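# Architecture at a glance
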Amino acid sequence: MLTNKQKSTLRSMANSLRPLFQVGKDGVSHNLINTLSDSLEAHELVKLNILKTCSEDVRQVALDLSSGTHAEVVQIIGRTIVLYRESREHRRIELPR
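Residues numbered from 1 in each chain as written. Predicted model: local features only at pLDDT ≥ 70, side-chain atom pairs only at ≥ 80, totals over all residues. Heavy atoms only, no water.

### A short note on the pattern of salt bridges
The condition is simple: Salt bridges are defined as contacts in which a side-chain nitrogen from Lys or Arg sits within 4 Å of a carboxyl oxygen from Asp or Glu. Every helix listed is a DSSP run of H or I at least four residues long, and every strand listed is a run of E at least two residues long, numbered separately from the N terminus. Only protein chains enter the area calculation, which uses a 1.4 Å probe; residues under 20% of their type maximum are buried, those over 50% are exposed, and those in between are partly exposed.
Throughout the structure, instances matching the rule amount to two salt bridges. With its nearest N and O atoms 3.9 Å apart, the salt bridge here joins Glu41 to Arg85. Within this pair, whereas Glu41 is found in helix α2 (residues 30–43), its partner Arg85 is found in the segment after β4 (80–84), the two being separated by 44 residues in sequence. As far as the burial class goes, Glu41 and Arg85 line up, both buried. The shortest N-O distance in the salt bridge between Arg91 and Glu86 comes to 3.7 Å. For Arg91, a relative accessible area of 45% corresponds to the partly exposed category. Given a relative accessible area of 43%, Glu86 falls into the partly exposed group.

### Let's talk about the nonpolar core
Heads up, the rule is: Nonpolar core, defined: a set of buried Ala, Val, Leu, Ile, Met, Phe, Trp, Tyr and Cys residues in which side-chain atoms within 4.5 Å join the residues together.
Formed by 17 residues in total, the largest nonpolar core has its most connected members in Val23, Leu36, Leu48, Leu65, Ile81 and Leu83. If you list the elements that add at least two residues to this core, you get β1 (21–23), α2, β2 (45–50), α3 (58–69) and β4. Among the nonpolar cores identified, the runner-up in size contains nine residues, and Leu2, Leu10, Ala14 and Leu45 belong to it.

### Section: the environment of Val61
To be explicit about the condition: It only takes one pair of heavy atoms within 4.5 Å for two residues to be counted as in contact.
Structurally, Val61 can be placed in helix α3. In this structure the C-alpha to C-alpha distance between Val61 and Val28, which are 33 residues apart in sequence, comes to 6.8 Å. Ignoring any residue separated from it by four or fewer positions in sequence, one finds Val61 in contact with Val23, Val28, Ile50, Cys54, Glu56 and Ile81.

Quick look at the structure:
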């Protein structure tokens, strides 16, 4: 579980990121979860866009993706989601305590 200070740090880091994934009309699929999990292992912090063609609610998509990848939801703004998961092998981000 992330503290407010840690989330604030991650939000500021995510501000300059470009979205790596887009969730469209297919919604959350097994393939998307696997690819996102690999990306979280490599980058630790990932930004996603939810397209208007996605029939699911943005918050539900965020919960499905976070539970499927064992990641933390850092931020939801509009149709943009930021996820964080500490990497096992390539730890890059040092969070404040």
